[in-house]
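Descriptive analysis of the structure
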Amino acid sequence: MRSVPVSDGISWVGAIDWNLRDFHGYETPRGTTYNAYLVVGSDKVALIDTVKAPFVDELLERVSDVVDPSKVDLIVVNHVEPDHNSGLPAVMAAMPNARVVASASGVKGVADYHGGLVVEPVGADEVIDLGGRTLRFLPMPMVHWPDSMFTYCPEVTTLMPNDAFGQHMASAERFADEVGTDLALEELGIYYANILMGLSTAVGKSVAKIAEAGWAPSVIAPSHGVIWRGDALAAAHEAYGRWTSNTLRDKVVVAYGTMWGSTDALARRIADGVASEGVEVSLHDLAVSQIATITHDLLEAKGLLLGSPTLHRAMVFRVAGYLQWLSGLKPAGRLGGAFGSYGWSSGAVEQISERMTALGFTMVGEPYKQKYRPTEDELAAAFEWGREFARAVKGA
Ligand code: FEO
C-alpha cells in the first residue's frame, strides 16, 4: 500500500476504515481514517501516532513504502484513545528499536490501557532532532482526552494535532482541497459538534497555544480524515474560530419523536411559524434523522425546540436518548422550548423542560401541550408558538 507525501520529509502512512458506521455512538456514514505520519530526517525516522489494532498491517505496509519499519527510531503517541493507540503494542513489536514518547498523562494512559506498557514522557521543553527535521510538542489536555498532545515539525510548518481538525471521512484522497473543501468542512463540523462541542474551551485554548508557541502551520494533518492546506486550511481555522467562541446565528432546530402523528403535525406547524419570522429552521424526526446530523445543525443554532408525546407518563425514548447525547456535549448559550401531544396523561413536555433547563438552555415561554389530535385552530396556535420563539431568537 502506498504512502502519500504530505510535506517535504513527511508522509501519510495511516489506514482507511471505509466500513465504520458508528463512532462513540453516533453515525459515521462516510467511514473514517486513522492517520499516522512518518517524519524522515537525515539521521532518524519518527512515526507520529499509530492506528486502531485491526489496521496495523495496513500501517506497516505504508511505512514499508518509505522505510523498513525496523529502522524507525521514534514513535510519538499523541493520544491514547484506542482508535489511535490500540495498535501500539503490535507497531512497537515491528519497530523494536524505537523510543516511544507520549505526554505525561499519555504515559500513564498507555500503561493503564496496555497492561503496564512503559513509554517515556515528552513535554513542551523538549525538541527531538531527526536531522534537518525537528519535532516539538505541546500537551493539549481535553483535545480530546487528558493525555492529548500536538506534534509540530517547524522546518516544514506541519502540525499533527491528532483529533483536533479531524473529520470522520474515508476517502482515497488525502487533502481537503482534493475531496472538496465544502465537504471537508461539513465533516469537520459534524465531528466538532458530536465530539468536541463540550470541550470548546479546551479546543479554543489549544488554538491560542499554537500561536503563543510561535507555530505557524501551513499544513494541519489531523489523525482522522483529510489534511488541511492553503485556502481550505484558512477556512477550517475560521470555522474553528466560530465554534470555539460559540458564535451562534438566528437558526432553530426542531427535533421530536411522535407516536400517532400529532407531535409530528405540531412540529411542522411550529417550524412554519419559526420560518415565517425569517429565521432559518431545520426539522428532524428523531426516528428518521441521524443524531450526528441534528447535532451538527445545532452547532451554530441559537434555539432548540424538542417535542415528544407522553408515553408511559414520560417522553419517548428517542427524545430522552437525544437529551442524554446533549448532556455530554453541553450546548451552551441557547434558547429552548418543549412541545408535544398527550392522551390520557401528560408529563413529557414538563420533563423535557426540566431536562433542558438542567442542561443550561434558557427556556422561552410555557411548553406547548396538545391533547389528542390538534384541530386547525390548535395548529394555528402551534404556528404562533413557533413564531414567538423565533422572535425571542432574533432578540437574543
Ligand atoms: Fe480519535 Fe479521541 O480519538
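**Overview of the sheet that holds strand β16 (residues 219–220)**
Strand order in the open sheet formed by 6 strands is β12-β13-β14-β15-β16-β17, and the pairing between neighbours is mixed. Both edges of this open sheet fall to β12 (127–129) and β17 (228–229), since each of them pairs with a single strand only. Pairing geometry for strand β13 (residues 134–139) and strand β14 (residues 149–153), over 4 bridges, is antiparallel. Following the sheet pairing, P139 is matched in β14 by M149.

**Details of the domain arrangement of the protein**
Entries for the protein in the domain assignment read domain 1 (4–244) and domain 2 (249–395). Between the C-alpha centres of domain 1 and domain 2 there is a distance of 38 Å. Each side of the interface is counted separately: domain 1 has 16 residues, and domain 2 has 13 residues. Taken together, the two surfaces of domain 1 and domain 2 that pack against each other cover about 1200 Å², and 64% of this comes from carbon and sulfur. When residues of domain 1 are sorted by the area they lose upon contact with domain 2, E27, N194 and M197 head the list and together hold 45% of the total. At the junction of domain 1 and domain 2, the tally comes to 1 salt bridge. Here domain 1 is connected to domain 2 by 8 residue pairs in polar contact (both at pLDDT 80 or more). A total of 7 residues in the side of domain 1 that touches domain 2 trace back to one element, the largest contributor, which is helix α6 (residues 181–196). Residue composition of the side of domain 1 that touches domain 2, grouped by class: 8 nonpolar, 5 polar and 3 charged.

**Some details on the nonpolar core**
Counting residues in each nonpolar core, the largest one holds 90 residues, and the members touching the most others are L47, L59, V63, I75, M95, W228 and L306. Broken down by element, the residue count for this core peaks at 8 residues, all from α6. Mapped onto the domain boundaries, this core takes at least three residues apiece from domain 1 (4–244) and domain 2 (249–395). Once residues lying within four places of it in the same chain are set aside, the contact partners of V63 are V13, L38, L47, P69, V72 and M95. If you look at the next biggest cluster of nonpolar residues, it comprises 26 residues, including V101, V122, L130 and L135.

**Topic: the packing of helix α9 (residues 262–276) against helix α13 (residues 376–395)**
The interhelical angle for the contact between α9 and α13, taken along N-to-C directions, is 45°, at an axis separation of 7 Å. Looking at the two axes, α9 sits oblique to α13. The chirality of how α9 crosses α13 is right-handed. Judged by residue contacts, A265, L266, R269, I270, D272, G273, V274 and S276 of α9 engage E376, L379, A380, A382, F383, W385, G386, R387 and A390 from α13. Residues that form the contact of α9 with α13 fall into these classes: 10 nonpolar, 3 polar and 4 charged.

**Re the pairing of β13**
Pairing analysis gives 3 bridges linking β12 to β13, with the strands arranged antiparallel. For V127, the partnering residue across the bridge sits in β13 and is R136. Between β12 and β13, which follow one another and run antiparallel, lie 4 residues, and G131 among them has a positive phi close to 95°.

**Details of a nonpolar patch on the surface**
On the surface, M259, W260 and L311 cluster together to form a nonpolar patch covering roughly 370 Å² of accessible area. Along the chain, M259 falls in the loop between β18 (249–256) and α9.

**Here's the deal with the environment of R174**
Locating R174 in the fold gives a position in the loop between β15 (158–160) and α5 (176–179). Each C-alpha atom, one on R174 and one on W228, is 9.1 Å from the other, the two residues being 54 residues apart in sequence. Those residues within four positions of R174 in sequence are excluded, and the remaining contacts are V4, W12, I16, T33, G225, V226 and I227.

**Remarks on the packing of α6 against helix α10 (residues 291–298)**
It is the contact of α6 with α10, at a shortest axis distance of 8 Å, that shows an interaxial angle of 95°. Compared by their axis directions, α6 and α10 come out roughly perpendicular. Counting all contacts with α6, which are made through E186, G189, I190, A193 and N194, the residues of α10 involved are I291, A292, T295 and H296. Residues belonging to the contact of α6 with α10 are distributed by class as follows: 4 nonpolar, 4 polar and 1 charged.

Analysis parameters
- Residues numbered from 1 in each chain as written.
- Predicted model: local features only at pLDDT ≥ 70, side-chain atom pairs only at ≥ 80, totals over all residues.
- Heavy atoms only, no water.
- Pairing = 2+ DSSP bridges.
- Helix = DSSP H or I, 4+ residues; strand = E, 2+ residues; numbered from the N terminus.
- Domains from an automatic or database assignment.
- Contact = heavy atoms within 4.5 Å.
- Buried area = accessible area lost by both parts, 1.4 Å probe.
- Salt bridge = Lys/Arg side-chain N within 4 Å of Asp/Glu carboxyl O.
- Polar contact = N/O pair within 3.5 Å; in protein donor to acceptor, adjacent residues only side chain to side chain.
- Nonpolar A, V, L, I, M, F, W, Y, C, P; charged D, E, K, R; others polar.
- Core = buried A, V, L, I, M, F, W, Y, C linked by side-chain atoms within 4.5 Å.
- Buried < 20%, exposed > 50% of the residue type's maximum accessible area, 1.4 Å probe, protein only.
- Axes fitted to C-alpha atoms, helices over the stretch in contact; angles between N-to-C directions.
- Parallel < 35°, antiparallel > 145°, perpendicular 65-115°, else oblique.
- Left-handed = near helix turned anticlockwise from the far one by under 90°.
- Patch = residues over 30% accessible without salt bridge, like charges linked within 9 Å, V, L, I, M, F, W, Y side chains within 5 Å.
- Areas by Shrake-Rupley, 256 points an atom, 1.4 Å probe, with all protein chains shown as cover.

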